[in-house]
Structures are given as structure tokens and as C-alpha cells.
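Structural overview for review
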2 protein chains.
Amino acid sequence: MVSQNVPQATAERLPLYYRTLQSLVAVGKTRISSSEFGDLVQIDSTTIRKDFSYFGALGRKGYGYDTQYLMDFLRKTLYQDELSKVVLIGVGHLGTALLNHNFQKNNNTKIVKAYDIDPSLIGTEVSGTEVHAMDTLATDDNSDITAAILTVPAAHAQKAAEMALASGIHGFLNFSPTTLSLPATAYVRHVDMTVELQALIYFLNHSMEERNSQ
Amino acid sequence: MVSQNVPQATAERLPLYYRTLQSLVAVGKTRISSSEFGDLVQIDSTTIRKDFSYFGALGRKGYGYDTQYLMDFLRKTLYQDELSKVVLIGVGHLGTALLNHNFQKNNNTKIVKAYDIDPSLIGTEVSGTEVHAMDTLATDDNSDITAAILTVPAAHAQKAAEMALASGIHGFLNFSPTTLSLPATAYVRHVDMTVELQALIYFLNHSMEERNSQ
DNA sequence: AAATGATTGTGAAATGAGTAACAAAAATAA
DNA sequence: TTATTTTTGTTACTCATTTCACAATCATTT
Ligand SMILES: NC(=O)c1ccc[n+]([C@@H]2O[C@H](COP(=O)([O-])OP(=O)(O)OC[C@H]3O[C@@H](n4cnc5c(N)ncnc54)[C@H](O)[C@@H]3O)[C@@H](O)[C@H]2O)c1
Ligand SMILES: NC(=O)c1ccc[n+]([C@@H]2O[C@H](COP(=O)([O-])OP(=O)(O)OC[C@H]3O[C@@H](n4cnc5c(N)ncnc54)[C@H](O)[C@@H]3O)[C@@H](O)[C@H]2O)c1
């Protein structure tokens, strides 16, 4: 498989490239150069070319890249053309926002069900997604589920992740502000909005200082 | 100022360190070694020690770090002990979740007001935060505001950011799936949940392949 | 008070990512 | 057809970050 040598940093940019190509195809743009594409996503054109080169020669010299071809290639690379099913655990404020958002529109990805412990939520539908009881999670067969989105309070995130793992889920997108300790068979990505906001404020404070002192 | 030589990667870990120290202090732990702390946040202990070393000698050899002291130090470094005011633009599903969450509890950070274009929202309070009309944003004086959280639809993010910039806001936490083009005086952080989910699925697919082929 | 053990702080080495430079190739123009 | 322009793919280089290795230092035990 080609993809074994793809650097982590490159792999993390692919979804952005894919989404940007979708927009380009949608507005009827059939070709684009690495520099124009780079301007669009605010990444150096050399980085773009290098990223694509890990997958072979996707462009044509003197011409650029065919948007439709590149988009199709990335779709296959990212999803292997299969629908990825995910579950959401914790139907609170953030969980409800995510259910409403629905990732399916542009990606081969769907939240197929949700879990919560709140009896008043269990059995209801939130934005068309059924809410199941947390009790059933560990014993359910979720081996066809790619990933779980964790939007439970921090104190319950570890336990919830373990239950999901027991049901056959190996991927986790953790929105709660806590680190998960899971066996190496699991893969966790952590989206920490609080940290993002704090980091933003830190950089603002310190870049201002630099300007003042110069 | 010491902080001029702090690498970006280090600066981005500080908020996580700070929050973890808060938990440790809360449960009464008074000292911790870099390796125990590293286990907790899942970062190599050498990286932890090196990160702290950019700020001078914060620990004691043969002993470790004093949690209270380190926490206080990081609070001052991160916030300079001033309350950071932020605004939120776009009181929809995600915006409402963020307003409800309220970052103030653990950080010196507060969402002081919100903006939206929806007439049915303008003038109301959402989770205790007043919603202002978008019309007034560009002409408001927001020079005391550190950052704007952008939770408007992608098509409106650029315009909203420009208006906020005009009102004196220079920091942006952009949740919409689009790249912002702003002058160098602005600092933007992009939280793209769709990209996170796609990247997660990509890594799952490809690490599985590797396992199968080995 | 001396010996032992723990743990930091830090140069040096290794890894990884981003950037620059440019030959090769294809497209386009003359 | 030939010349010129465009733009890729890639090699070499630079920069940033992580990891290694270990002396220096402090805490703790005897
Ligand atoms: N709301 C935000 O904007 C925001 C921002 C950043 C981080 N977060 C984090 O996301 C997580 C959820 O935030 P929220 O604002 O949606 O909280 P919330 O309290 O609104 O929702 C939590 C939901 O999880 C359910 N729950 C509680 N314990 C559970 C368990 N053991 N198993 C299954 N479900 C359980 C609750 O019934 C509730 O529906 C928290 O960890 C929070 O820190 C939220
Ligand atoms: N909801 C999610 O979980 C989620 C997840 C990932 C990304 N996002 C992104 O976050 C953004 C908001 O998502 P959402 O689900 O909250 O959408 P939403 O439609 O629920 O809310 C959007 C809000 O913005 C307001 N708005 C629209 N145009 C505006 C303008 N020009 N100026 C000011 N306010 C304006 C609307 O009145 C509405 O209140 C979108 O860009 C979305 O792609 C959302």
C-alpha cells in the first residue's frame, strides 16, 4: 500500500484538501495549480505538491491538477468509498449541536445512533437519531461502527470510552477535557476547545508584548 | 521577557498542563514528578521537563514539582492574572452550546456578549449572555475584547471576522469550515470538527491495513 | 554526617516537517 | 514546428521538535 509512507502532517491535511476540492468542483472549476490551491487553503504550494506526491503523480506538469480527479482520488483514500458509521455518546448541549450538524452531507460519514444515561432522553429521537440507554452499550455489538464521538462530562469520559471499546468500537473523538487511557488497539483524537481558547489568548498576549517591546 | 524563546509546540501544551494541575491541586496532591505528570497527560516526561525549563528552574532535583506553585506560575503566564473578555458570533446550535458551557469556571476567560443576525434572538439572553445585533458589530468599540468565537455558517464567517476586526478584535477562534483571510494583525485558530472526524477515520482505516498486512 | 536514591535541567543527537531550488515535462503561443 | 511559459515532482537544505543521555543537585535513609 502506498499510504504507509504518508507523514502524519500530510494525512491531517487531506480532509481539508478534500473539502476544498468539493467546493471547487461545485462551482465548476475543472483545473487548479498548486499555488492557486495553496492560496485558497493558506498552505505553501510546495507543501501541497509534496503532500500529493506521496500518492504518486496526481497532477500534470504545466497544467496543474484536475479537480474532479483529485477529489475522487482523495475520497477513495479517505473513506475507501465505504460509509463510515459513528455513534455519539452524551446527548447534552454539545452532543445535540453535533447531531443537528450531521456530518453525512459532505462526507461518507453518518451518526447512526446515540447513547445517554438520562431516562428522559432514552428512546427519543434527537435530530432524527435514536437515543439508546447507556446500560446497553457495553453489551451491544458495535463492531460495524468506526468511531464514537464522546460528549459526556469529563468525569464519565473514561468509563464511557471503555464501554464503547467493549462493544467493538476502536476510534474515539473525545470532546471532554480529559485524557483517555485506552489500550493500543484504540485510536483517540482529542478536540479540546478550552485549550484552543486558552492557547489563542496566550499567543495574543505574547505577540502583543513582542510588538510593544520592538 | 522570558517567554520570547518559548517554542510554539510548548506554548500549545501549557493550557493542558494548567488544567491538569488544577485537578491535582483539587484532589490534594502537593508534589508530582515529571514522569508521573507525563503519564497523566500522555506526554513524554523529557518533553515536560524541557517545556518547563523554558521558564527557568520550576522544579527541585530529587523532588519534582510543587503542584500549587506550578499552577500559580502557569496561571500568571497564561492569563497574566487578567480576565480575558471574548465575544461569540453566531448563536446557533454550536454557539448556544458554547454559551452554556461558559469557559469562565476554570479560566480567566468570559464570553461577555454575543452577536447574531436573527431578529428573534437579538435583545434576548442566552445562558445569561445578551445577544446583540450584527449591524452594530463593526461600529462597536470592542478594543477591550481579546477574541471572537466564530460559530456562524461558513458562508458568513469571512464577513463576520472582518466586522469584528473593524471593531477592534484581533483574535479569532473559527469553528466554521472555511479558511479566513485576514491581515497579519489578526491571529486565527481554526477548530474544524469535520476535519478531525475525517482524519480519525483515515487513521483507523490505514492503521488497520498495516496490521492486516503484517 | 555519609551514603544512597530520585529527579531535574540541559547539551547533543535524531527525527520530522516545511521551504527553496530547479530539472523535467507538458501546455500554450508564435 | 519551434520557442516560450507554466507547473509539477523531487532533491537538498533549513528549521523545529522530540528524544537521548547524563552530570548536577536535592531529598531521604541509615
Ligand atoms: N458545551 C460546550 O460547548 C463544550 C465545549 C467544550 C467542551 N465541552 C465538553 O463536552 C462535554 C459535554 O458538554 P455539554 O455542554 O454537552 O454537557 P451537558 O451536561 O449538556 O451534556 C452531557 C450529556 O451527557 C449525558 N451523560 C452524563 N453522564 C453520562 C454517562 N456516564 N454516560 C452517558 N451519558 C452521560 C448527560 O445526560 C447529558 O445529556 C463535557 O465534557 C464538556 O466539558 C463542551
Ligand atoms: N453544530 C455543530 O456541531 C458544528 C460542528 C462543526 C462545525 N460547525 C460549524 O459551526 C458553524 C455554526 O454551526 P451551527 O450548527 O451552530 O449552525 P446554526 O445554523 O445552528 O447557527 C448559525 C447561527 O449563526 C447566525 N448567523 C447566520 N448568519 C450570520 C451572520 N452573517 N452574522 C451573524 N450571525 C449569523 C444564525 O442566525 C444562527 O443563529 C457552522 O459554520 C458549522 O459548519 C458546527
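Residues numbered from 1 in each chain as written. Chains lettered and ligands numbered in written order. Predicted model: local features only at pLDDT ≥ 70, side-chain atom pairs only at ≥ 80, totals over all residues. Heavy atoms only, no water.

Worth spelling out the cut-off: UniProt positions are given in the numbering used here, feature names are shortened, and annotations may be inferred rather than shown by experiment.
As recorded in an unreviewed UniProt entry, chain A goes by Redox-sensing transcriptional repressor Rex and comes from Sporolactobacillus shoreicorticis. The record held by UniProt for chain A lists under Sequence similarities (unreviewed entry) the comment "Belongs to the transcriptional regulatory Rex family." Its UniProt record, at the heading Subunit (unreviewed entry), says of chain A: "Homodimer."

**Quick look at the domain arrangement of chain A**
Reports of interface size often rely on the accessible area that becomes lost once the parts have come together. Stated formally: Note that domain bounds follow an automatic or database assignment of domains.
Taken domain by domain, chain A consists of domain 1 (8-78) and domain 2 (84-195). The C-alpha-based centres of domain 1 of chain A and domain 2 of chain A are spaced at 31 Å.

**A look at the pairing of strand 6 (residues 129-133) of chain B**
Residues and elements named next belong to chain B. To keep it simple, the criterion reads: A pair of strands counts as paired when DSSP detects no fewer than two bridges linking them. Starting at the N terminus, helices and strands are each numbered in turn, a helix being any DSSP run of H or I of at least four residues and a strand any DSSP run of E of at least two.
As defined by bridge partners, strand 4 (residues 109-116) adjoins strand 6 across three bridges and the pair is classed as parallel. Directly across from tyrosine 115, in strand 6, lies its bridge partner histidine 132. As judged from the two bridges shared by strand 5 (residues 125-126) and strand 6, these two strands associate in the antiparallel manner. When the sheet's bridge partners are listed, glutamate 125 is paired in strand 6 with glutamate 130. Once strand 5 ends, the chain turns through two residues before running back antiparallel as strand 6, passing serine 127 with a positive phi of about 50°.

**Regarding the site of ligand 2**
Worth spelling out the cut-off: Being near a molecule or strand, for a residue, means having at least one of its heavy atoms within 4 Å of it. For the purposes of these results, a polar contact is taken to be a pair of N or O atoms within 3.5 Å, where, inside protein, one atom must be able to donate a hydrogen and its partner to accept one; residues adjacent in sequence count only when each atom of the pair is a side-chain atom. Values of accessible area rely on a 1.4 Å probe in the Shrake-Rupley scheme; residue burial ignores everything except the protein chains shown. In this count, Pro and Cys sit with the nonpolar residues alongside Ala, Val, Leu, Ile, Met, Phe, Trp and Tyr, while Asp, Glu, Lys and Arg are called charged and the others, Gly among them, polar.
Ligand 2 sits among 22 residues. The nearest are B:Gly92, B:His93, B:Leu94, B:Asp116 and B:Val152. Within the backbone of B:Gly92, an N or O atom sits 3.4 Å from an oxygen atom of ligand 2. In isolation ligand 2 offers 820 Å² of accessible surface; the protein chains occlude 86% of this area. Breaking the shell around ligand 2 down by element, the ones donating at least two residues are helix 5 (93-101) of chain A together with helix 5 (93-101) and helix 6 (154-166) of chain B. When grouped by side-chain class, the residues that make up the shell around ligand 2 number 13 nonpolar, seven polar and two charged.

**Topic: the site of ligand 1**
Every one of the 22 residues lining ligand 1 counts as a neighbour, but A:His93, A:Leu94, A:Asp116, A:Val152 and B:Ala97 are closest to it. Near ligand 1, the surrounding residues belong to chains A and B. At 2.7 Å, a backbone N or O of A:Val152 approaches an oxygen atom of ligand 1. Here an oxygen atom of ligand 1 and a backbone polar atom of A:Ala154 are 3.4 Å apart. In isolation ligand 1 offers 820 Å² of accessible surface; the protein chains occlude 85% of this area. Among the secondary structure elements, those contributing two or more residues to the shell around ligand 1 are helix 5 and helix 6 (154-166) of chain A together with helix 5 of chain B.

**Looking at the interface of chain B and chain A**
What counts, and what does not: We call two residues contacting when some pair of their heavy atoms lies within 4.5 Å. The term buried area denotes the loss of accessible surface (1.4 Å probe radius) that occurs when two parts are joined, taken as the sum for both partners. Salt bridge criterion: a side-chain nitrogen from Lys or Arg within 4 Å of a carboxyl oxygen from Asp or Glu.
Taken residue by residue, the interface counts 68 residues in chain B and 68 residues in chain A. Interface of chain B and chain A: buried area, both sides summed, is about 5,800 Å²; carbon and sulfur atoms make up 63% of it. Here B:Arg19 and A:Asp192 are joined by a salt bridge, their closest N and O atoms 2.6 Å apart. Connecting chain B to chain A are 15 residue pairs in polar contact (both at pLDDT 80 or more). Of the residues contributing to the side of chain B that touches chain A, the split by class is 35 nonpolar, 25 polar and eight charged.

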